[in-house]
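Take a look at the letters that make up each chain.
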Amino acid sequence: MLLKLLCLCFALQCAAGVALRSTEYTDAQRAEQLHKLYKMGLIDWTEYRHALSKFHLYDLSAFGISDSAARRPEYVDEALLAKADHLREAYAKTNHVPAQGRAKVAAAASEAGAVLVLDADDQAVRPNQATGLEFRQESNFMYTTGFDYPRARVIIGLDPSNTDLPLGHAWLFVEKRNPVWTGLEVTLADYLAKYDVNDVFWLEDFDSVLNQRLRPAVVRKLSDVQSVLNDVRSVKFADELELIRLATEVAGESHKALMTYVTCGMWESDSESLFRYVSHNYGMRFQAYIPIVGAGENSAALHYNDGESQLPEGGVVLVDAAPEVGQTRNGGGYTSDITRTWPCSGTYSPEQRGVYNAVYRSQNMCIERAVVGGSFSTATQDSALALLEGLLEANLVHNGTASEMYAAGIQRLFQPHGLGHSVGLDVHDPGNLTPFKAGHVITCEPGCYFYPTLLTPAFNNPNQARFLNRDLLESPVYWNMGGIRIEDIIVVTDDGPVNYSDRIPRSADEIEAFMRNARKTPGNRYASQ
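Residues numbered from 1 in each chain as written. Predicted model: local features only at pLDDT ≥ 70, side-chain atom pairs only at ≥ 80, totals over all residues. Heavy atoms only, no water.

A. Looking closely at the pattern of salt bridges. By the definition in use, this model includes 24 salt bridges. We note a salt bridge from R220 to E111, for which the minimum N-O separation is 2.8 Å. Of this pair, R220 sits in strand β5 (residues 218-220) while E111 is found in the loop between α5 (97-108) and β1 (114-119), placing the two residues 109 residues apart along the sequence. When its relative accessible area of 24% is taken as the criterion, E111 is described as partly exposed. Via salt bridges that share partners, R136, R233, K236, E324, D426 and D429 belong to a single interconnected network. (Salt bridge = Lys/Arg side-chain N within 4 Å of Asp/Glu carboxyl O. Helix = DSSP H or I, 4+ residues; strand = E, 2+ residues; numbered from the N terminus. Buried < 20%, exposed > 50% of the residue type's maximum accessible area, 1.4 Å probe, protein only.)

And the structure:
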């Protein structure tokens with residue numbers, strides 16, 4: 001009987017899926033059928049949200065359907081979900097983000113008789129299989145077209161006097177889809193309506209259009225304009241900032257879900273799985289990078305991805321993860337980059353708190369220095385001095401001033417990485433950040449780690465050993481602690497730095513208070529923030 005019921009459910013799913021894809025269905029009928037499938041339990045919340053997004057059915061009230069009784073996961077913030085839906089709908093209709101970026105590039109690279117040709121990325125496939133790997137568009141192509149499928153080209157006008165392809169206009173060339181393998185046939189008119197370009201052609205016609213119709217005197221390629229693209233992309237305009245903020249806010253909800261539900265004894269992979277799941281519930285299918293979740297000693301590994309260890313009782317968990325805002329099923333959207341380090345027990349030990357406070361002081365200095373006219377070189381030095389002052393208070397270093405220790409390179413023993421980077425379509429976005437300009441989006445991500453491979457040689461170096469409290473550093477509580485890093489998204493503005501990730505608990509006191517309240521009443525934890 002159970003087997004028959006399962007087969008019936010599967011058959012209903014398949015039949016509904018085929019029907020929903022039919023062009024004979026209206027939006028109202030699709031919305032009604034999806035809602036029925038969800039209420040019957042034949043599709044879960046993530047599948048329900050993904051299906052609604054696929055058919056652009058964001059406002060169910062327009063079809064007389066109430067969502068008030070929907071079984072949403074308790075960590076989904078309704079206001080943020082509505083904002084994510086609104087932005088996806090708005091950009092699906094207007095899609096004006098690429099046109100703004102393309103106009104900036106064309107103006108900076110304008111040249112008489114010239115056009116710019118850019119290529120999309122190809123689809124990578126698994127060896128000896130017919131299935132492709134998850135596709136992410138080449139970021140410069142995404143920046144200028146918004147097109148997120150492989151095997152495409154674009155011609156962008158660079159000549160202000162060209163009337164056929166004016167400055168900043170774009171002609172997109174796409175591959176014909178195979179309806180058997182890749183979905184329903186899409187016409188050139190469909191592509192033109194969806195993407196903010198001026199005309200669309202089949203890819204097979206590229207040579208004839210370029211050489212017989214346009215006949216440009218100069219054909220520029222990516223290598224010719226890479227420096228221009230880097231400079232232009234480094235300064236974000238308002239729509240880009242809105243998408244980066246959205247990715248950051250969803251990252252914040254995902255980080256808070258981990259602080260709420262992940263406890264000592266669980267696995268690192270549990271944290272990564274939950275982070276991805278919460279992000280996906282907001283419609284963000286892809287991560288900006290592979291989530292980094294390191295517990296205990298693993299928290300010192302900067303790009304740790306193993307996920308094979310349990311969270312040790314009394315240990316810290318470092319989570320460096322963020323999603324990206326994609327407009328469709330493929331990757332290539334705007335990113336974020338957030339790190340929090342928290343105690344799986346909910347309470348820092350005195351030693352962990354001392355180190356955390358030193359990193360927190362260092363990050364505050366970095367944020368203060370993220371002003372117009374500033375630079376990472378200045379922020380790096382001042383943040384390093386703040387870190388050393390914090391380590392002096394924790395008695396991990398001694399016998400000198402922070403300035404003396406900085407001159408001896410002590411800060412590099414505890415933080416062997418840079419202070420931050422640009423963020424945009426790439427999590428490490430290109431561009432010159434010196435000096436800081438309004439519209440720059442950067443990370444401030446100081447850390448403090450306990451690496452025996454760095455500390456042991458320093459103990460034998462007289463110029464450094466005199467500053468190191470070896471007895472304390474070699475005690476198990478520090479030697480085996482791992483590391484602590486705090487990372488936030490900071491926007492440089494004419495009015496000073498703006499922290500896009502300020503909704504995520506950041507100080508040790510804030511994190512402990514959040515975890516204490518959230519774990520008591522997980523469904524109501526947003527009320528305390």
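B. Quick peek at the sheet that holds strand β7 (residues 316-321). Read across the open sheet, the 3 strands follow the order β6-β7-β8; overall the sheet is antiparallel. In this open sheet, the two strands that pair with only one neighbour each are β6 (292-295) and β8 (338-343). When strand polarity is set aside, the average angle formed by the axes of neighbouring strands in this sheet is 10 degrees. Of the pairings in the sheet, the one linking β7 to β8 comprises 6 bridges and is antiparallel in character. Note on β8: the bridge partner recorded for D320 is T339. (Pairing = 2+ DSSP bridges. Axes fitted to C-alpha atoms, helices over the stretch in contact; angles between N-to-C directions.)

C. Structural view of helix α9 (residues 222-234). Across its 13 residues, α9 extends 17 Å between first and last C-alpha, which sits within 8% of the 18 Å expected from 1.5 Å per residue. In α9, a bend of some 35 degrees at V228 exceeds every other bend along the element. Where α9 is concerned, the buried positions are V225, V228, L229, V232, R233 and S234. For α9, the elements touching its buried residues are α5, β1 and α6 (139-145). (Expected span 1.5 Å × (residues − 1). Bend = angle between axes of the 7 residues up to and from the residue. Contact = heavy atoms within 4.5 Å.)

D. Focus on the packing of aromatic side chains. Applying the stated criterion across every chain yields a total of 13 aromatic pairs. Ring centres of F450 and Y478 lie 5.7 Å apart, and the angle between their planes is 50 degrees; this geometry places the pair in the tilted category. Pair noted here: F450 is in the loop between β10 (447-449) and α16 (452-459) and Y478 is in helix α19 (residues 476-479), with a separation of 28 residues, a long-range link. Above the plane of the ring of F206 lies R153, whose end atom (NZ or CZ) is 4.1 Å from the centre. Over the aromatic face of Y500 sits the side chain of R245, whose NZ or CZ is 4.0 Å from the ring centroid. (Phe/Tyr/Trp six-rings, centres within 6.5 Å; stacked < 30°, edge-to-face > 60°. Lys NZ or Arg CZ within 6 Å of the ring centre and 35° of its normal.)

E. Molecular detail of α16. Considered for burial, the residues of α16 that qualify are L455, A458 and F459. Seen from one end, α16 has its buried residues packed into an arc of 100 degrees, which puts them on one side. The elements touched by buried residues of α16 are α15 (411-414), α17 (462-465), α18 (470-473) and α19. (Arc of directions from axis to C-beta.)

F. Summary view of the nonpolar core. In this structure, W342, I410, F414, F450 and L468 are the most contacted members of the largest nonpolar core, which totals 109 residues. Apart from residues lying up to four places away in sequence, F450 is in contact with V355, L396, F414, L455, L473, Y478, W479, M481 and G482. Core analysis: the second largest hydrophobic core is formed by 12 residues, I367, L433, F436 and I442 among them. (Core = buried A, V, L, I, M, F, W, Y, C linked by side-chain atoms within 4.5 Å.)

G. Spotlight on the sheet that holds β1. Sheet architecture is open: 5 strands sit in the order β4-β3-β2-β1-β5, paired in mixed fashion. The sheet is open, and its two edges are formed by β4 (199-202) and β5, each paired on a single side. Direction aside, the axes of adjacent strands within the sheet are offset by 25 degrees on average. In this sheet, β5 lies alongside β1 in parallel orientation, the contact comprising 3 bridges. Within the sheet, the bridge partner assigned to L116 lies in β5 and is R220. Here α9 sits on the sheet and contacts β1 and β5; the angle it forms with β1, its principal contact strand, is near 90 degrees.

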